[in-house]
Amino acid sequence: MKPHFIDNRAVAGASGQAIAVIDPSTGEEYERIARGNAADIDLAVQAARRAYDEGAWGRLSAAERGRLLLKLAVKVQDHHEELAQIESRDCGKPTRQARADATALARYFEFYGGAADKLTGETLPYAQGYTVLTLREPHGVTGHIVPWNYPMQIFGRSVGGALAAGNACVVKPAEDACMSLLRVAELAAEVGFPPGALNIVTGYGHEAGDMLVRHAGVDHISFTGSPRVGVLVTQAAAERHVPVTLELGGKSPQIVFADADMDAMVPVVLNAIVQNAGQTCSAGSRLLIERSAYEQVLDQVGKAFAALRAGPAAMDLDCGPLIRKTQQERVQGFLRDAERDGIAAVARGVVVSEAPSGGFYQAPTLLRDVPVKHRLAQEEIFGPVLSAMPFDNEADAVRIANATEYGLVASVWTRDGSRALRLSRKVRSGQVFINNYGAGGGIELPFGGVKASGHGREKGFEALYGFTVLKTISIKHD
Ligand code: NAD
């Protein structure tokens, strides 16, 4: 059984209980992880507290922290293929996606390593005879709850920023995919991160995750996951007045006008929904098409959809399997609803014959004329299903784009620059891509949502503000 990683050591779970690790490509168990409980979380938080309050970590200068992160970036690159293979098997990701995730992980550490000693306060104009300045101080111990869809990437962006800012971290990865993070924590210890700076406790969300949020020694929570759990985490953190960053789901619109460069648009629109088999918070899962170009775009995107293939992660096809059986059943439930309600599939990819029968596969599907209020156009499916719908004009496009509870990412495809900018301002989301799309991409680009997609920002320099507290110091002098 894989142990936790606490205080730079492998630590067996206190309960001795395990959670099975399933390979989504086969449906078979291939490892077991420790089922963390209150004692394990307490041990990890105590280790982080010691590291921050009186240990070597808390005494490092910003430049020294940055240097360690840069070393870790190099170490991750040295272990790039190993980490990609772990992630690919654990999550069922096609290998090239897992490799891209390993590259992104290294890049997060590189970016935040370089940023660590660039984070500064200000001096403020105030009354005569005073000098006032601000300091950006770490929260102390930060708790990080990570989902299963991009373990390495989300770990890198969240922990990278938190460590650069000087916090000590306790991470609770998802029970469905945590193998890569246990390895990265070992690599961090190898490059010289002091004991307690980075700790990992595996386990279930309602157990270890909930205990981490409620632990009195944790000063900030960074949660990435579903809106439902985001509410639970916020409520629990509010009882202790602990700040929370919430990176939640999305139902992101890709808006295509008739004057768009269609040849450039098709592969990008396609990738925005099939990347990671649609299990991406920022997946472009709604395709809004100007009515005059509706049939043409459906035809072009449909042809591309029909050529898609899903299969085992190691075959490195367009889509791997979904993460687990219940996720597969959930996606199939959406498709049954489409059939029941007369929503037609324009095109379907295939699941290849080599796919083991126990794996959790789903053929990519393009649906047309999905009513704006239908659950297919409202809820996060988290599978390779794209819902297309027509719009009449700019105002109509904005109305439909904003007609969900989410607001994470949007794209606008048009050759009219003024229109692209007008729409960018009217669409309610954290990021807008004009004539491109970055599903999960952009280490340097601040990322996060509005409405049910969450609040606070990770990625980019902006994230460092969220991982610090501002202190104002007022000095009276002559
Ligand atoms: P989830 O909310 O079920 O789980 C996410 C994490 O929270 C897991 O580690 C889980 O163990 C933990 N958790 C569950 N219950 C908890 C509780 N009561 N207290 C504390 N922690 C708890 O989500 P999921 O199904 O793993 O991930 C998919 C969701 O995550 C989707 O909605 C997706 O859009 C979202 N997501 C968002 C982003 C983003 O950056 N905005 C990125 C990736 C995924």
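Residues numbered from 1 in each chain as written. Predicted model: local features only at pLDDT ≥ 70, side-chain atom pairs only at ≥ 80, totals over all residues. Heavy atoms only, no water.

Engineer: A description of the sheet that holds strand 12 (residues 253-256) should follow, citing residues and the corresponding values.
Structural biologist: Read from one edge to the other, the open sheet built from seven strands follows the order 15-17-18-13-12-19-20, with strand pairing classed as mixed. Where the open sheet ends on each side, the last strands, each with one partner, are strand 15 (345-348) and strand 20 (431-434). Looking at each pair of strands side by side, their axes are set apart by 20° on average, direction ignored. Sheet analysis places strand 12 next to strand 13 (residues 286-290), joined by four bridges and oriented parallel. Residue pairing for strand 13: Ile255 is matched across the bridge by Leu288. (Pairing = 2+ DSSP bridges. Helix = DSSP H or I, 4+ residues; strand = E, 2+ residues; numbered from the N terminus. Axes fitted to C-alpha atoms, helices over the stretch in contact; angles between N-to-C directions.)

Engineer: So what's going on with the pairing of strand 19 (residues 409-413)? Which residues, and what values?
Structural biologist: Most of strand 19 sits inside the fold, with five of its five residues counted as buried. Alternating positions in strand 19 separate into two faces, Val409, Ser411 and Trp413 on one and Ala410 and Val412 on the other, with burial throughout. Two elements, strand 12 and strand 19, share three bridges in a ladder whose sense is parallel. When the bridges of strand 19 are listed, Val256 appears paired with Trp413. Pairing of strand 19 with strand 20, which is carried by four bridges, proceeds in the parallel orientation. In the sheet register, Ser411 faces strand 20, and the bridge partner there is Phe433. (Buried < 20%, exposed > 50% of the residue type's maximum accessible area, 1.4 Å probe, protein only.)

Engineer: Now, about the sheet that holds strand 5 (residues 123-124): what can you tell me, with residues and values included?
Structural biologist: The strand order across the open sheet formed by three strands is 5-6-22, and the pairing between neighbours is antiparallel. Looking along the sheet, the strands with just one partner apiece sit at the ends: strand 5 and strand 22 (468-476). Of the pairings in the sheet, the one linking strand 6 (residues 130-138) to strand 22 comprises nine bridges and is antiparallel in character. Paired with Glu137 across the strands is Val469, a residue of strand 22.

Engineer: Break down the site of the ligand for me, citing the residues and quoting the values.
Structural biologist: In the neighbourhood of the ligand, 31 residues make up the surrounding shell, with Arg157, Glu175, Ser226, Leu248 and Glu380 lying closest. Between the ligand and Gly225, the relevant distance is 3.3 Å, taken from an oxygen atom to a main-chain nitrogen or oxygen of the residue. Here Glu380 contributes a side-chain N or O atom positioned 2.5 Å from an oxygen atom of the ligand. Computed on the free molecule, the ligand has an accessible area of 840 Å², of which 90% lies beneath the protein chains in the complex. Elements with a minimum of two residues in the shell around the ligand: helix 6 (151-164), helix 8 (205-214), strand 10 (220-224) and helix 9 (227-238). Grouping the amino acids of the shell around the ligand by side-chain chemistry returns 17 nonpolar, eight polar and six charged. (Near = heavy atom within 4 Å. Polar contact = N/O pair within 3.5 Å; in protein donor to acceptor, adjacent residues only side chain to side chain. Areas by Shrake-Rupley, 256 points an atom, 1.4 Å probe, with all protein chains shown as cover. Nonpolar A, V, L, I, M, F, W, Y, C, P; charged D, E, K, R; others polar.)

Engineer: How would you explain unusual backbone geometry if you had to name every residue and give the values?
Structural biologist: Of note in the backbone geometry, Asn8 takes a positive phi value of approximately 65° without being a glycine. Note that Asn8 resides in the loop between strand 1 (4-6) and strand 2 (9-11). Taking the relative accessible area as the measure of exposure, Asn8 reaches 23% and is therefore partly exposed. The phi angle at Lys459 is positive, at roughly 70°, despite the residue not being glycine.

Engineer: So what about the domain arrangement of the protein chain? Which residues, and what values?
Structural biologist: Here the protein chain is described as being made up of domain 1 (4-247 + 454-475) and domain 2 (253-441). Between domain 1 and domain 2, the C-alpha centre-to-centre distance is 31 Å. Each side of the interface is counted separately: domain 1 has 22 residues, and domain 2 has 27 residues. In this assembly, domain 1 packs against domain 2 so that about 1,900 Å² is buried in total across both faces, 49% of it on carbon and sulfur atoms. On the domain 1 side of the interface with domain 2, the three residues burying the most area are Pro24, Ser25 and Trp148, jointly 28% of the side's total. Among the salt bridges present, the one from Asp176 reaches Arg324, with a minimum N-O distance of 2.9 Å. (Domains from an automatic or database assignment. Contact = heavy atoms within 4.5 Å. Buried area = accessible area lost by both parts, 1.4 Å probe. Salt bridge = Lys/Arg side-chain N within 4 Å of Asp/Glu carboxyl O.)

Engineer: Lay out helix 9 with the relevant residues and their values.
Structural biologist: For helix 9, spanning twelve residues, the distance from its first C-alpha to its last is 16 Å, which sits close to the expected 16 Å at 1.5 Å a residue. Buried residues of helix 9: Pro227, Gly230, Val233, Ala236 and Ala237, and no others. In this structure, the buried side of helix 9 is in contact with helix 8, strand 10 and strand 11 (244-247). (Expected span 1.5 Å × (residues − 1).)

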